[in-house]
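One-letter residues, chain by chain:
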Amino acid sequence: MDKSVTVISHPLVQHNLTRLRDERTEPQEFRRVLSEVAALMIYEATRTFAVEPTTVTTPLARTRGSRLRREVILVPVLRAGLGMLDSILQLIPHARVGFIGLKREEKSLQALFYHQSLPKDLSKFEVILIDPMLATGGSSVAALNLLSELGAKHVRMVNLVAAPEGIRRVRASYPDLPIFTASIDKKLNAKGYIVPGLGDAGDRLFGV
Ligand code: PRP
Ligand code: URA
């Protein structure tokens with residue numbers, strides 16, 4: 001489709017995605033599997049993090065090494081992004097965590113903003129925007145606009161499932177933004193749900 005979209009085809013990612021799609025997967029299991037798949041996805045999504053050379057002294061010798069060039073901030077979109085946060089934080093324990101609260105209004109499908117806690121200046125951070133679902137793209141664009149207003153320059157997005165419509169909408173405003181997903185699904189239905197998708201990610205995670 002477009003070279004800034006990476007579909008992570010790793011067998012473990014696809015295995016877990018299938019379990020999440022299954023309507024019989026209950027919240028307890030859904031939370032566990034979403035967390036597992038997030039860890040697998042972040043490995044791929046951080047592959048292009050900028051690094052810089054450094055040196056390190058081992059017990060035996062001085063040698064070359066590398067370290068991340070920028071501080072990392074994880075930004076889950078509430079609620080469903082929370083389901084991917086803990087396992088990612090375990091892999092990047094030094095990351096900061098910011099939050100953006102958005103709720104898609106059922107009829108209009110407009111993303112309504114209700115919360116943010118983020119540093120005032122994001123220009124020096126590697127920002128990872130985390131949300132399992134990219135549907136119409138309204139929530140993602142709202143979140144990306146906020147990150148951009150705060151000066152973010154190095155942003156990537158991790159979405160378990162993406163709809164072509166959502167990718168197009170994000171692309172219209174952010175043509176080069178890297179997007180990492182486990183699947184580009186077929187389409188949105190009349191109610192704005194991704195088909196085949198996995199249903200309402202927040203509801204399936206938290207049972208309400
Ligand atoms: C879901 C999902 C995304 C959004 C995607 O959240 O987690 O944030 O919908 O839809 P869009 O691309 O059409 O904007 P929702 O608004 O249902 O909130 P919740 O996570 O609190 O349930
Ligand atoms: N939000 C979800 O949680 N699922 C969808 O399919 C679309 C938006």
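Residues numbered from 1 in each chain as written. Chains lettered and ligands numbered in written order. Predicted model: local features only at pLDDT ≥ 70, side-chain atom pairs only at ≥ 80, totals over all residues. Heavy atoms only, no water.

## Section: helix H2 (residues 27–45)
(1) Moving on: Between its terminal C-alpha atoms H2 stretches 26 Å, which fits the 27 Å expected from 19 residues at 1.5 Å a residue.
(2) Moving on: In this fold, the buried residues of H2 make contact with helix H1 (11–21), helix H3 (82–91), strand E8 (125–130), strand E10 (154–162), strand E11 (179–184) and helix H6 (201–206). (Helix = DSSP H or I, 4+ residues; strand = E, 2+ residues; numbered from the N terminus. Expected span 1.5 Å × (residues − 1). Contact = heavy atoms within 4.5 Å.)

## Points about the site of ligand 1
(1) Moving on: Among the 16 residues in the neighbourhood of ligand 1, the closest are listed as Arg104, Asp131, Thr136, Gly137 and Ser139.
(2) Moving on: Arg79 has a polar side-chain atom sitting 2.9 Å from an oxygen atom of ligand 1.
(3) Moving on: Isolated, ligand 1 exposes 500 Å² of accessible area, and the fraction of that covered by the protein chains is 96%.
(4) Moving on: Breaking the shell around ligand 1 down by element, the ones donating at least two residues are strand E6 (99–104), strand E9 (133–134) and helix H4 (138–149).
(5) Moving on: Here the shell around ligand 1 takes three residues from E6, the largest share from any one element.
(6) Moving on: Taken together, the residues of the shell around ligand 1 break down into six nonpolar, five polar and five charged. (Near = heavy atom within 4 Å. Polar contact = N/O pair within 3.5 Å; in protein donor to acceptor, adjacent residues only side chain to side chain. Areas by Shrake-Rupley, 256 points an atom, 1.4 Å probe, with all protein chains shown as cover. Nonpolar A, V, L, I, M, F, W, Y, C, P; charged D, E, K, R; others polar.)

## As for the UniProt feature "binding site: uracil" (unreviewed entry) in the chain
(1) Moving on: Cross-referencing UniProt, the feature "binding site: uracil" (unreviewed entry) maps to Ile194, Gly199, Asp200 and Ala201 in the present numbering.
(2) Moving on: Structurally, the position occupied by Ile194 is in strand E13 (residues 194–195).
(3) Moving on: Note on Ile194: relative accessible area 6%, which makes it buried.
(4) Moving on: Sequence-distant contacts of Ile194, defined by excluding residues within four places in its chain, comprise Met133, Leu134, Ala135, Val161, Ala162, Ala163, Asp185, Lys187 and Leu188.
(5) Moving on: In this fold, Gly199 is placed in the loop between E13 and H6.
(6) Moving on: Overall, Gly199 belongs to the partly exposed group, its relative accessible area being 32%. (UniProt positions renumbered as here; feature names shortened; annotations may be inferred. Buried < 20%, exposed > 50% of the residue type's maximum accessible area, 1.4 Å probe, protein only.)

## Thoughts on the site of ligand 2
(1) Moving on: Around ligand 2 lies a shell formed by Arg104, Met133, Ala135, Gly192, Tyr193, Ile194, Gly199, Asp200 and Ala201.
(2) Moving on: The separation between an oxygen atom of ligand 2 and a polar main-chain atom of Ile194 is 2.8 Å.
(3) Moving on: One of the backbone N or O atoms of Gly199 is found 2.8 Å from a nitrogen atom in ligand 2.
(4) Moving on: In the complex, 88% of the free accessible area of ligand 2, which totals 240 Å², lies under the protein chains.
(5) Moving on: Residues belonging to the shell around ligand 2 are distributed by class as follows: five nonpolar, two polar and two charged.

## What to know about the nonpolar core
Side chains of a nonpolar character, in soluble globular proteins, are inclined to be buried together.
(1) Moving on: Leu74, Ile128 and Leu160 are the most contacted members of the largest nonpolar core, which has 36 residues in total.
(2) Moving on: Elements represented by at least two residues in this core include exactly H1, H2, strand E4 (71–78), H3, E8, E10, E11 and H6.
(3) Moving on: A total of eight residues in this core trace back to one element, the largest contributor, which is H2.
(4) Moving on: With residues near it in sequence (within four places) discarded, Ile128 still touches Ile42, Thr46, Phe49, Val72, Ile73, Leu74, Val75, Ile92, Arg156 and Val158.
(5) Moving on: Counting residues in hydrophobic clusters, the runner-up holds 27 residues, among them Val75, Val127, Ala152 and Ala162. (Core = buried A, V, L, I, M, F, W, Y, C linked by side-chain atoms within 4.5 Å.)

## Observations concerning the UniProt feature "binding site: 5-phospho-alpha-D-ribose 1-diphosphate" (unreviewed entry) in the chain
(1) Moving on: Here the UniProt-annotated "binding site: 5-phospho-alpha-D-ribose 1-diphosphate" (unreviewed entry) positions come out as Arg79, Arg104, Asp131, Pro132, Met133, Leu134, Ala135, Thr136, Gly137, Gly138, Ser139 and Asp200.
(2) Moving on: Relative to the helices and strands, Pro132 resides in the loop between E8 and E9.
(3) Moving on: Dropping the residues within four chain positions of it, Pro132 is found in contact with Leu34, Ala80, Gly81, Met84, Asn159, Leu160, Val161 and Ala201.
(4) Moving on: Structurally, the position occupied by Gly137 is in the loop between E9 and H4.
(5) Moving on: Taking relative accessible area as the criterion, Gly137 reaches 3% and is therefore assigned buried.
(6) Moving on: Not counting chain neighbours up to four residues away, the residues in contact with Gly137 comprise Gly166 and Arg169.

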